[in-house]
Amino acid sequence: MQTTAMKVIRSFYTFKNRFLLKPNPIFLSRHFHLTTSPFLSKESGLAVHSSANDPIPIDSSKNAPLVWSVFDPISDGTVTQSGASSSAEFRESELRLSSFDEEVDGLAGENLIKREKTQMGLPSNRNEIEDLKKEKRYVGVKKGSSVNGAVGSGDRAVYRTKGKSKTSWVCEICGFTSGQWWGSCRSCNEVGTMKQFFEAKIGSGNKVSGIEASENAVRSWLPQKPGELRPLRLTDVNRGMNMLNWRIPLSGLFGSEVERVLGGGLVPGSLVLVGGDPGVGKSTLLLQVAAIIADSEDPGGSAPVVYVSGEESVEQIGNRADRMEIGTEELYLYSSTDIEDILGKIQHLSPRALIIDSIQTVYLKGVAGSAGGLSQVKECTSALLRFAKTTNIPILLIGHVNKSGDIAGPRVLEHIVDVVLYMEGEKYSSHRLLRPVKNRFGSTDELGVFEMSQLGLAVVSNPSEIFLTEQHSDSDFLAGLAVAVIMDGSRSFLIEIQALCVSGSSVSRHINGIQSSRADMIISVLIKQAGLMLQENAIFLNVVSGVMLTETAGDVAIAAAICSSFLEFPIPNNIAFIGEIGLGGELRAVPRMEKRVHTVAKLGYKMCVIPKSAEKSLANLGFQGMKIVGCKNLKEVINAVFKA
């Protein structure tokens with residue numbers, strides 16, 4: 001009989017793990033009777049079994065003591081208990097025990113089916129799998145003890161949040177984005193311009209876009225409910241709109257120079273991006289623009305302007321404004337980096353313009369990545385664009401540039417905003433150039449010229465004075481210097497080109513500010529067509545003030561400077577040169593000849609050398625006090641200037 005009891009206990013422990021795969025509190029609460037103990041006799045009131053399959057006899061005596069064994073899941077073992085019980089309760093226990101084998105067989109079969117459905121430790125419940133897929137979570141099983149390959153109580157599911165690490169390749173020239181690397185950009189076909197960007201890992205949390213994140217902040221500004229928006233006729237849109245007073249004017253000399261670059265005043269609801277090297281004066285420029293807008297008269301009443309900085313405190317901005325003698329009362333300062341906080345704080349002000357300094361320091365909650373990252377910069381700019389279009393409030397952004405001189409991102413922001421302005425300036429020069437790269441409301445051919453001073457940026461009335469130096473015609477050291485007239489946008493400038501010819505030098509040629517291929521062509525034409533013996537001379541060419549000469553209008557000035565240095569004959573300081581040189585030594589006309597010659601005459605020059613083909617069109621204009629000399633080729637230029 002002791003052997004039979006051990007078989008029952010061994011069978012119970014063998015299938016114990018199957019019972020706990022999916023715990024059933026009703027099943028675990030049942031009592032497992034074990035009455036085959038050899039220590040009990042008939043006198044004790046309990047019969048002795050000859051087999052584990054025999055029914056359990058029950059003593060009809062009400063006073064007979066009861067002994068039973070119960071599996072305790074806490075101690076992971078069986079506990080023997082004794083006591084008195086009524087015959088009805090014991091009979092119920094008998095019925096439960098009689099169905100024990102059936103339940104064990106049914107549970108074992110169910111576990112086998114589940115084991116077939118469960119692969120790699122995944123849950124067998126289809127609904128649970130679908131829920132985990134929706135939550136984007138990985139499910140694994142940490143193995144414990146098992147019997148015959150069945151998943152036991154020691155096995156437990158391990159849930160790990162699924163994370164995304166998105167890598168994108170962005171062209172630094174055109175901003176084209178691709179999910180994989182290509183040798184060349186598939187949009188602009190430039191080679192070696194695809195740069196890799198990593199976005200921060202994001203979980204299964206609530207990832208939102210810039211539009212969703214700023215919805216609550218923008219909602220109160222909406223003029224009507226989104227459901228009421230509908231297409232409007234062009235005549236209905238333009239009805240009652242005065243185009244002359246539509247733009248926000250910028251008064252004063254400084255404001256007029258900025259208006260020139262913008263193509264007029266500041267367009268309501270526009271998004272303007274200003275980029276430039278660190279320390280070039282971007283913050284100073286926009287602080288002055290903010291003061292001008294705040295001081296301008298608004299027909300609707302006061303027109304506050306909010307200047308938000310994520311890099312400086314309010315006290316630092318106020319100190320710079322005090323140094324620049326800006327004291328307008330309608331200019332509000334705020335320091336924050338949270339877009340939702342910024343839009344929420346300016347609601348009660350209803351500003352006429354908003355300035356963000358800079359876009360690389362602000363962020364949106366819920367968007368992956370830190371401030372300044374690719375995703376944050378794009379989403380913040382998109383949110384501000386929607387805010388500007390919805391509220392009709394113009395927003396001016398400051399954008400930092402990378403090592404290559406492009407706005408960090410690299411250039412993805414230029415496709416989102418309406419206007420892109422670049423501020424340029426030499427490190428050791430006080431002059432600054434404001435150049436439009438993109439303008440949906442005007443031309444990109446304009447150029448603003450400023451000078452940095454203690455009081456901020458000041459307008460330069462004569463931009464050509466930046467590139468010209470004082471000349472003395474009686475000095476021998478000025479040999480090899482000629483003045484060229486170039487165009488930058490819609491403005492014409494006079495620049496100086498220097499040349500030096502040295503015989504017996506170990507350096508054959510050194511060129512700065514001029515395209516090397518263009519300089520080599522002009523030198524070869526001088527040797528072949530003009531008869532100058534330049535083969536044994538080292539030639540140095542330089543453009544004053546670090547300007548890069550890219551157009552062909554300076555060809556004649558380059559040739560004249562080389563001739564002046566080679567012949568050791570200084571060019572008079574009242575002569576300017578305009579024209580392109582062909583391979584045959586002929587002079588060709590360049591665009592906007594009339595405007596170039598007007599600039600030369602305005603600066604008081606006595607003579608202007610131009611191609612012969614453009615002389616007739618300028619003869620009737622009557623430039624008083626200035627002689628226009630038309631030449632067909634380089635030989636005529638040398639004869640007219642050097643009297644050779």
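All of these numbers come straight from a predicted model, not from anything done at the bench.

Let's talk about the sheet that holds strand β13 (residues 419-424)
One open sheet accounts for nine strands, arranged β10-β9-β11-β12-β8-β13-β14-β15-β16; its pairing is mixed. In this open sheet, the two edge strands, each paired with only one partner strand, are β10 (331-335) and β16 (456-459). The mean inter-strand angle of the sheet, taken between neighbouring strand axes irrespective of direction, is 25 degrees. Examined bridge by bridge, strand β9 (residues 305-309) and β10 share five bridges and lie parallel to one another. The partner of Val-305 across the bridge, within β10, is Leu-331.

Quick look at the nonpolar core
The biggest cluster of nonpolar side chains holds 50 residues, and the ones touching the most others in it are Leu-526, Ile-562 and Phe-577. Considering each element in turn, this core owes the most residues, eight residues, to helix α16 (residues 555-567). Those residues in contact with Ile-562 that lie beyond four places of it in its chain are Ala-499, Cys-501, Ile-523, Leu-526, Leu-534 and Leu-541. Within the second largest apolar cluster, 36 residues are counted, among which are Phe-254, Leu-262, Ala-321 and Leu-331.

A short note on the environment of Gln-288
Turning to its location among the elements, Gln-288 is positioned in helix α11 (residues 282-295). In the structure, Gln-288 is positioned 33 residues away from Ala-321 in sequence and 8.6 Å away in space, judged by C-alpha atoms.

Side note on the packing of α16 against helix α19 (residues 634-642)
For any two helices packed against each other, one specifies the inter-axial angle together with the distance between the axes. For the pair α16 and α19, the least separation of the axes is 11 Å and the interaxial angle reads 55 degrees. Relative to α19, the element α16 is oriented oblique. The handedness of the crossing between α16 and α19 is right-handed. Contacts between α16 and α19 involve Val-556, Ala-559, Ala-560, Cys-563, Ser-564 and Leu-567 from the former and Leu-634, Val-637, Ile-638 and Phe-642 from the latter. Residues of the contact of α16 with α19, tallied by class, amount to nine nonpolar, one polar and no charged.

Considerations on the packing of α11 against helix α12 (residues 314-323)
At a minimum axis separation of 11 Å, α11 and α12 run at an interaxial angle of 75 degrees. By the angle between their directions, the pair α11 and α12 is classed as roughly perpendicular. Within the contact between the two elements, α11 uses Ser-283, Thr-284 and Leu-287 and α12 uses Ile-317, Arg-320 and Ala-321. Classifying every residue of the contact of α11 with α12 gives three nonpolar, two polar and one charged.

Looking at helix α14 (residues 374-391)
Between the first and last C-alpha of α14 there are 26 Å, a value that for 18 residues agrees with the 26 Å anticipated at 1.5 Å per step. Of all the residues in α14, the buried ones are Leu-374, Ser-375, Gln-376, Val-377, Cys-380, Thr-381, Ala-383, Leu-384, Leu-385, Phe-387, Ala-388 and Thr-391. Trailing α14 by a residue or two, Asn-392 shows a phi angle of about 65 degrees, which is positive.

A short note on the layout of surface pockets
Roughly 640 Å³ of internal volume is contained in the second largest pocket. As for the second largest pocket, its lining consists of 27 residues, of which Glu-424, Leu-433, Arg-435, Gly-546 and Val-547 are closest to the centre. Where the lining of the second largest pocket is concerned, the elements lending two or more residues are β13, β14 (431-439) and β17 (481-488). Per-element accounting of the lining of the second largest pocket gives the leading share, four residues, to β14. Residue classes in the lining of the second largest pocket are distributed as 12 nonpolar, eight polar and seven charged.

A word on the packing of aromatic side chains
If you walk through the whole model with that rule in mind, you get two aromatic pairs. With centroids separated by 5.4 Å and ring planes inclined at 50 degrees, the aromatic side chains of Phe-254 and Phe-450 adopt a geometry described as tilted. Here Phe-450 lies in strand β15 (residues 448-453) and Phe-254 lies in helix α10 (residues 252-262), a separation of 196 residues in the sequence. The exposure class of Phe-450 is buried, given its relative accessible area of 0%.

Concerning empty space enclosed by the protein
Tallying each qualifying case throughout the model produces six cavities of 30 Å³ or more. Of the voids in this model, the largest cavity is the one considered here, and its volume is about 60 Å³. Breaking the lining of the largest cavity down by element, the ones donating at least two residues are α10, β8 (271-276) and α11.

Let's talk about the pattern of salt bridges
Per the stated rule, a full pass over the model turns up 16 salt bridges. Across the pair Arg-435 and Glu-424 runs a salt bridge, and its minimum N-O distance is 3.1 Å. With a gap of 11 residues between them, Arg-435 in strand β14 and Glu-424 in strand β13 connect regions that are remote in the sequence. A salt bridge links Arg-596 to Glu-551, with the nearest nitrogen and oxygen atoms 3.1 Å apart. With Arg-596 in helix α17 (residues 593-602) and Glu-551 in the loop between β20 (537-543) and α16, the pair connects residues that are 45 residues apart, well separated along the chain.

Re the pairing of β8
Of all six residues in β8, six are buried; the element is thus mostly enclosed. Judged by which residues are buried, β8 turns out to be covered on both faces: Leu-271, Leu-273 and Gly-275 on one side and Val-272, Val-274 and Gly-276 on the other are all buried. Alignment of β8 against β13, held across five bridges, turns out to be parallel. From the neighbouring strand, Gly-275 faces β13, where its bridge partner is Tyr-422.

Brief notes about α17
Of the residues making up α17, those classed as buried are Met-593, Arg-596, Val-597, Thr-599 and Val-600. Considered in projection along α17, the buried side chains sweep an arc of 155 degrees and stay on one side of the axis. Against β17, β18 (491-503), β21 (575-577), β24 (607-611), α18 (615-619) and β25 (627-631) lie the buried residues of α17. Two residues or fewer past α17, Gly-604 is found with a positive phi of approximately 85 degrees.

Some points on a nonpolar patch on the surface
On the surface, Leu-232, Val-237 and Met-241 cluster together into a nonpolar patch covering about 270 Å² of accessible area. Among the residues examined, Val-237 registers a relative accessible area of 40% and is labelled partly exposed.

Focus: the environment of Met-487
Relative to the assigned elements, Met-487 resides in strand β17. For Met-487, a relative accessible area of 14% translates into the label buried. Separated by 42 residues in sequence, Met-487 and Asp-445 place their C-alpha atoms 9.6 Å apart. With residues near it in sequence (within four places) discarded, Met-487 still touches Ser-492, Glu-551, Arg-592, Lys-595 and Arg-596.

Here's the deal with the confidence of the model for the protein chain
The pLDDT averaged across the protein chain works out to 75; a share of 65% of its residues lies at or above 70. Contacts from residues 200-205, a stretch scored under 50 in pLDDT, to residues over four places away or in other chains number 16 contacts.

Details of unusual backbone geometry
Backbone torsion omega between Asp-357 and Ser-358 reads 5 degrees, so that peptide bond is classified as cis. Structurally, Ser-358 is set in the loop between β11 (353-357) and α14. One non-glycine residue, Asn-189, adopts positive backbone phi at about 65 degrees. Look at Asn-189 and you get exposed, because its relative accessible area is 58%. The backbone of Ser-350 sits at a positive phi, close to 50 degrees, despite the residue not being glycine. Inspection of the secondary structure assignment puts Ser-350 in the loop between α13 (339-345) and β11. The exposure class of Ser-350 is partly exposed, given its relative accessible area of 45%.

Rules and cut-offs
Chains are numbered independently. Their residues run from 1 in the order of the written sequence. Only residues with pLDDT of at least 70 get local features here, since the model is predicted, and only at 80 or more are side-chain atom pairs given and counted; chain-wide, interface and lining totals rely on the full set of residues. To get the side-chain values, take all heavy atoms of the structure and skip hydrogens and water. At least two bridges found by DSSP between two strands are what make those strands a pair. Only runs of H or I of at least four residues qualify as helices and only runs of E of at least two qualify as strands under DSSP, and these elements are numbered from the N terminus. All axes are obtained by fitting lines to C-alpha atoms, using only the stretch in contact for helices, and the reported angles, taken between N-to-C directions, cover 0 to 180 degrees. For our purposes a nonpolar core is just a set of buried Ala, Val, Leu, Ile, Met, Phe, Trp, Tyr and Cys residues, chained together by side-chain atoms within 4.5 Å. Whether a residue is buried, partly exposed or exposed follows from its accessible area with a 1.4 Å probe, protein chains only, as a fraction of its type maximum: under 20%, in between, or over 50%, in that order. Any two residues whose heavy atoms approach within 4.5 Å at even a single point are treated as in contact. Roughly parallel covers angles under 35 degrees, roughly antiparallel covers those over 145, roughly perpendicular covers 65 to 115, and oblique covers all other angles. For any helix crossing, the convention is left-handed if the near helix is rotated counterclockwise from the far helix by under a right angle, and right-handed if that rotation is clockwise. The nonpolar class holds Ala, Val, Leu, Ile, Met, Phe, Trp, Tyr, Cys and Pro. Asp, Glu, Lys and Arg form the charged class, and all remaining residues, Gly among them, are polar. Helix span, as expected, comes to 1.5 Å for every residue beyond the first. Throughout, the protein atoms alone are placed on a 1 Å grid, and a set of points is a cavity if a 1.4 Å probe fits but cannot get out or a pocket if it is open with protein on both sides within 12 Å along at least five of seven lines; lining residues have an atom within 4 Å of a point. Grid points are joined across faces, edges and corners, and a volume is the space filled by probe spheres set on the points. Side-chain rings of Phe, Tyr and Trp (the six-membered ring for Trp) are treated as a pair once their centres are within 6.5 Å; stacked means planes under 30 degrees apart, edge-to-face means over 60, and tilted covers the remaining angles. A side-chain nitrogen of Lys or Arg and a carboxyl oxygen of Asp or Glu constitute a salt bridge if their distance falls within 4 Å. Each C-beta atom gives one direction from the helix axis, and the arc is the one those directions make. Here, patches come from residues exposed beyond 30% relative accessible area and free of salt bridges, joined within 9 Å for like charges and within 5 Å for nonpolar side chains (Val, Leu, Ile, Met, Phe, Trp, Tyr). Residue-level accessible areas treat just the shown protein chains as cover; the underlying method is Shrake-Rupley with a 1.4 Å probe. What pLDDT expresses is the predictor's confidence in each residue, scored from 0 to 100.

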